[in-house]
2 protein chains.
Amino acid sequence: MEIIAEKKKAILESTLKLIKENGFHGTPMSMVAKRAGVAAGTIYHYFDSKDTLIMDLFAYTQQQVQEAVHKDLREGMDLKENFFLRWISRCQFYIQHPDVLFFIEQFVSSPYYPRCPADQNDRIQNDIKEFILLGHQHGILREVDHKLMSIMIHSSIMTAARVHLDGRVQLGDKEFQQLAQMIWDSIRKL
Amino acid sequence: MEIIAEKKKAILESTLKLIKENGFHGTPMSMVAKRAGVAAGTIYHYFDSKDTLIMDLFAYTQQQVQEAVHKDLREGMDLKENFFLRWISRCQFYIQHPDVLFFIEQFVSSPYYPRCPADQNDRIQNDIKEFILLGHQHGILREVDHKLMSIMIHSSIMTAARVHLDGRVQLGDKEFQQLAQMIWDSIRKL
DNA sequence: GCACACCGAATGAACGTTCAATAGACAGAA
DNA sequence: TTCTGTCTATTGAACGTTCATTCGGTGTGC
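Caption draft 1: Structural context of the protein's contact with DNA strand C. Around DNA strand C, the surrounding shell holds 14 residues, and the nearest of these are Met29(A), Tyr44(A), Lys50(A), Thr42(B) and Tyr46(B). Restricting attention to atoms of DNA strand C within 4 Å of the protein, one finds that 79% of them are sugar or phosphate atoms. Side-chain polar atom of Lys7(B) to a phosphate oxygen of DNA strand C: 3.4 Å apart, as the coordinates give it. A distance of 3.0 Å is found between a phosphate oxygen of DNA strand C and a backbone nitrogen or oxygen belonging to Ala39(B). The element contributing the most residues to the surface near DNA strand C is helix 3 (residues 40-46) of chain B, with five residues. Of the residues assigned to the surface near DNA strand C, the class counts are seven nonpolar, five polar and two charged.

This is the structure in structure tokens:
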């Protein structure tokens, strides 16, 4: 766990916010610099280029998500509880951090994504996958490729969070439970 | 149904392909012009700006998707058959037209999307929604907001197609059936 | 001779990146 | 303590490129 220099962090955070507001293109380096309270040149002290800034930002957000979800986990839960907790806390994280959600969405459907190392790609779904493997061992989940399953789950989480943030549908406790139940029913053996 | 001038269509199609290859930024108007076999200025005869070109392209792809799905529909299917057919044929359309999928993905997670009229936003899920309403009337589907449900369904389709195209998981007939079944089980009353 | 589709070089603004210059921190030498 | 040199962090004006857009002009059909 590397300690990130204050200015470096400021740069990452401003980029995150600006990309949410203006998209990848809409955010020139000069704007990032201004928002972060540094000079344009300073960015290049920490990052080789705009591209690597964005790639690094992806790794940075990944780490944030993972930490947030792990914080909520407890011992001694059965698989279903475990699933509900993971699904809901991840969804809530995205809702509390819209900039992270928007950035990840934009990143994964951009030409940047395929360029980053496969193991990092997958880290998004890593703890989901670990959970699925367990479920398969117990014979509770359907016999579906676990990679496919984990991606489908993660996509459902992001979609739900997105819909809520867009204001298209308000998600409260009841809806979280409903959604988690829906996805749970889609992966478990009936 | 407007008849689209040949050059206009060529411009739309090249933009679609180029955006798939290079993303929104990576595709300058000059490149679009070259690929479409027209002069740069010609683009501005048909479109006010790059922005409106992209917005129009969105409407254009929407229409393509809708036509493709409707072609497959037959009369006298029960709700489950209906759902399977819609889910699978839409997924297959995206797989056969990766550029459409990539463009839509990129578009909806960009600052362009919120800028287009709400009714057009929703047309993506329009026929899905119509189906859901029917299912609700028959008491077959869960009591979940139909807007939410239709978005979740559409997202599952796009995700599946995407995973297949990325080569992360090969989808054959068996997998399509499995997936449609999963999603079906997530929306129906158990 | 008017209207329309089309061309493509020219324009000007925006943007990523560079770099010479400055300031500060720190270590060792005197 | 003071001086000196080195290294790093930072600055922001300047550079060169790229790119969306414009516009004067050409060709074609009516």
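After that view of the structure, there is still more to cover.
Caption draft 2: Main features of the packing of aromatic side chains. Residue and element names in this part refer to chain A. Inspection of every chain in the model, using the stated rule, returns 22 aromatic pairs over all chains. Put simply, the rings of Phe24, Phe58, Phe103, Phe107, Tyr112 and Tyr113 touch in pairs and so form one group of aromatic residues. Its end group placed over the ring of Phe102, Arg162 keeps NZ or CZ at 4.8 Å from the ring centre.

Caption draft 3: Local environment of the interface of chain A and chain B. Across the boundary between the two partners, chain A contributes 38 residues, which contact 38 residues of chain B. In this assembly, chain A packs against chain B so that about 3,300 Å² is buried in total across both faces, 68% of it on carbon and sulfur atoms. Contact with chain B buries surface across chain A, with Met152(A), Arg168(A) and Met182(A) losing the most and accounting together for 19% of the total. Our count for the contact surface shared by chain A and chain B stands at two salt bridges. In this structure, Arg142(B) engages Asp185(A) in a salt bridge whose closest nitrogen and oxygen atoms are separated by 2.8 Å. The tally of links between chain A and chain B comes to 12 residue pairs in polar contact (both at pLDDT 80 or more).

Caption draft 4: Examining the domain arrangement of chain A more closely. Residues and elements named next belong to chain A. Per the domain assignment, the segments of chain A are domain 1 (1-47) and domain 2 (50-187). The distance between the C-alpha centroids of domain 1 and domain 2 comes to 26 Å. For the pairing of domain 1 and domain 2, the buried interface totals around 1,700 Å² over both sides, and the portion due to carbon and sulfur atoms is 73%. A per-residue breakdown of the area domain 1 buries against domain 2 is headed by Leu16, Lys20 and Phe24, which together make up 41% of the total. Across the contact surface, domain 1 and domain 2 share zero salt bridges. Where domain 1 touches domain 2, the interface holds four residue pairs in polar contact (both at pLDDT 80 or more). It is helix 1 (residues 6-22) that provides the largest number of residues to the side of domain 1 that touches domain 2, a total of nine residues. A breakdown of the residues in the side of domain 1 that touches domain 2 according to their chemical character gives 11 nonpolar, four polar and four charged.

Caption draft 5: Structural view of helix 4 (residues 50-72) of chain B. Compared with the 33 Å implied by 1.5 Å per residue over 23 residues, the 34 Å span of helix 4 of chain B between its first and last C-alpha is a close match. Restricting attention to buried positions, one finds in helix 4 of chain B the residues Leu53(B), Ile54(B), Met55(B), Leu57(B), Phe58(B), Tyr60(B), Thr61(B), Gln62(B), Val65(B), Ala68(B) and Val69(B).

Caption draft 6: Inspection of the relation of the copies chain A and chain B at higher detail. Each copy of the sequence occupies a distinct position, and chain A is placed on chain B by a rotation of 180 degrees and an axial shift of 0.0 Å, giving an RMSD of 0.1 Å. What the rotation and shift describe, once combined, is the action of a two-fold rotation axis. Among all C-alpha atoms of chain A, that of Ser186(A) lies closest to the rotation axis, at 2.4 Å.

Caption draft 7: View of the protein's contact with DNA strand D. Surveying the vicinity of DNA strand D reveals 15 residues, the closest of which are Thr42(A), His45(A), Tyr46(A), Met29(B) and Lys50(B). In DNA strand D, atoms within 4 Å of the protein come from the sugar-phosphate backbone in 74% of cases. At 3.5 Å, a backbone N or O of Gly41(A) approaches a base nitrogen of DNA strand D. Elements supplying a minimum of two residues to the surface near DNA strand D: helix 3 (40-46) of chain A together with helix 3 of chain B.

Caption draft 8: Quick look at the pattern of salt bridges. A full pass over the atoms with the stated rule returns 24 salt bridges over all chains. The partner of Lys189(A) in a salt bridge is Glu143(A), and the shortest N-O contact between them spans 3.4 Å. Of the two residues, Lys189(A) is situated in the segment after helix 10 (173-187) and Glu143(A) in the loop between helix 8 (126-137) and helix 9 (146-165); the sequence distance between them amounts to 46 residues. The class for Glu143(A) is exposed, based on a relative accessible area of 58%. Put simply, Arg162(B) and Asp166(B) hold a salt bridge, and the shortest N to O gap is 3.5 Å. Residue classification places Asp166(B) among the partly exposed residues on the basis of a relative accessible area of 32%. Members of the salt-bridge network, linked through shared partners, are Arg86(A), Arg90(A), Asp127(A) and Glu130(A).

Caption draft 9: The nonpolar core, seen in detail. The biggest cluster of nonpolar side chains holds 130 residues, and the ones touching the most others in it are Trp87(A) and Trp87(B). Those residues in contact with Trp87(B) that lie beyond four places of it in its chain are Ile153(B), Ser156(B), Ile157(B), Ala160(B), Phe176(B), Leu179(B), Ala180(B) and Ile183(B).

The rules we used
Residues numbered from 1 in each chain as written. Chains lettered and ligands numbered in written order. Predicted model: local features only at pLDDT ≥ 70, side-chain atom pairs only at ≥ 80, totals over all residues. Heavy atoms only, no water. Near = heavy atom within 4 Å. Polar contact = N/O pair within 3.5 Å; in protein donor to acceptor, adjacent residues only side chain to side chain. Helix = DSSP H or I, 4+ residues; strand = E, 2+ residues; numbered from the N terminus. Nonpolar A, V, L, I, M, F, W, Y, C, P; charged D, E, K, R; others polar. Phe/Tyr/Trp six-rings, centres within 6.5 Å; stacked < 30°, edge-to-face > 60°. Lys NZ or Arg CZ within 6 Å of the ring centre and 35° of its normal. Contact = heavy atoms within 4.5 Å. Buried area = accessible area lost by both parts, 1.4 Å probe. Salt bridge = Lys/Arg side-chain N within 4 Å of Asp/Glu carboxyl O. Domains from an automatic or database assignment. Expected span 1.5 Å × (residues − 1). Buried < 20%, exposed > 50% of the residue type's maximum accessible area, 1.4 Å probe, protein only. Least-squares fit on C-alpha atoms with pLDDT ≥ 70 in both. Core = buried A, V, L, I, M, F, W, Y, C linked by side-chain atoms within 4.5 Å.

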